[in-house]
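# A closer look at the structure
Take a look at the letters that make up each chain.
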Amino acid sequence: MFRRHKPSTPEHKKDFAVHGAVLPGPQNDMRSFFNLSQLVLCAGQLRSPPILRHSKITYFEVEILDAQSKRQICVVDKVPPSSTLLDVKHKFHKACKYSVYGPYLKDSVSIQSLAVSSIITLYFTDLGQQVSWTTVFLTEYSGPLLIYLLFYIRLSSIYAEEESMESFRHPVVHLACFCHCLHYVRHLLETLFVHKISGGHTPLKNMIKGCAFYWGFTSWIAYYVNHPRYTPPCMYHENDIVF
């Protein structure tokens, strides 16, 4: 009598094993999860590679807003990527008749380096009427020269006519007038012939502030130095009383 050995693995399970199927069970489940995790780790980044910046942009659109009200002033379209900030300023001037000076950014900056998309936003601040630096220096230096001479000749509208004609002028008064005029004449000649001033501009209000300082300070000095009752400090005595 022969004893039939009961196979440890069913035939249908053997067939699956021969053909490479995974047997069910806890070990096979863990092995499947391990294989799947290795597949995910080896797959690399799931995101698509980033597109090169501005690779498909042929033209930019520059929107110019008012810095205070954020109101749109102008839109400069069809700006090539190779354009600079100076080119945008020229187009802005043609469109709105604004003269742009004193940029916070250099004129040589490329538009492509400033952009993060096809639309660029720039802010414009109106500084008012502009004047050249040569005009500013000539105005500031010529004013003190003329003002001091008006006090030196002692106009009747400034001093009393009787005192102006009768009073004696100390030589230091003439010396002060000569030194003052020589100082500002030198500044005017240097502005015209020596100094090389760039094509920069400045707001008109800055010139008014500078003229107010130079002209006002000159008037204050010239009034007392050229006064008919002016007495130099070297003429003081201990018993003299000066009013």
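Structure: see above.
Summary of the structure given here. (Residues numbered from 1 in each chain as written. Predicted model: local features only at pLDDT ≥ 70, side-chain atom pairs only at ≥ 80, totals over all residues. Heavy atoms only, no water.)

All told, the structure shown has 0 disulfides when counted by the stated rule. Free of any disulfide, Cys179 has its nearest neighbouring cysteine sulfur in Cys177, separated by 9.4 Å. (Disulfide = S-S within 2.5 Å.)

A word on the packing of helix H5 (residues 133-152) against helix H8 (residues 204-225). Remark: H5 packs on H8, axes separated minimally by 9 Å, with the N-to-C direction vectors making an angle of 20°. It follows from the interaxial angle that H5 and H8 lie roughly parallel. For the pair H5 and H8, the sense of crossing is right-handed. When H5 is examined against H8, the residues Thr135, Val136, Thr139, Glu140, Tyr141, Gly143, Pro144, Ile147, Tyr148 and Phe151 are found in contact with a partner set consisting of Met207, Gly210, Cys211, Tyr214, Trp215, Thr218, Ser219, Ala222, Tyr223 and Val225. Classifying every residue of the contact of H5 with H8 gives 13 nonpolar, 6 polar and 1 charged. (Axes fitted to C-alpha atoms, helices over the stretch in contact; angles between N-to-C directions. Helix = DSSP H or I, 4+ residues; strand = E, 2+ residues; numbered from the N terminus. Parallel < 35°, antiparallel > 145°, perpendicular 65-115°, else oblique. Left-handed = near helix turned anticlockwise from the far one by under 90°. Contact = heavy atoms within 4.5 Å. Nonpolar A, V, L, I, M, F, W, Y, C, P; charged D, E, K, R; others polar.)

Our focus in this paragraph is the packing of helix H7 (residues 171-194) against H8. The description of two packed helices rests on the angle between their axes and on the distance between the axes. It is the contact of H7 with H8, at a shortest axis distance of 11 Å, that shows an interaxial angle of 165°. When the interaxial angle is binned, H7 and H8 end up roughly antiparallel. Of the two elements, H7 crosses H8, and the hand of that crossing is left-handed. Between H7 and H8, the contacting residues are Val173, Ala176, His180 and Tyr184 on the first element and Tyr214, Thr218 and Val225 on the second. Here the residues of the contact of H7 with H8 are counted per class, giving 5 nonpolar, 2 polar and no charged.

A word on the packing of aromatic side chains. Taken as a whole and judged by the stated rule, the model has 12 aromatic pairs. Taken together, a centroid distance of 5.5 Å and an interplanar angle of 80° make the contact between Phe213 and Tyr214 edge-to-face. Looking at Phe213, the relative accessible area reads 54%, which means it is exposed. Since its relative accessible area comes to 25%, Tyr214 is described here as partly exposed. By way of ring pairs, the aromatic residues Trp133, Phe137, Tyr141, Tyr184, Phe213, Tyr214, Phe217 and Trp220 are connected into one cluster. Above the plane of the ring of Tyr152 lies Arg169, whose end atom (NZ or CZ) is 4.8 Å from the centre. (Phe/Tyr/Trp six-rings, centres within 6.5 Å; stacked < 30°, edge-to-face > 60°. Buried < 20%, exposed > 50% of the residue type's maximum accessible area, 1.4 Å probe, protein only. Lys NZ or Arg CZ within 6 Å of the ring centre and 35° of its normal.)

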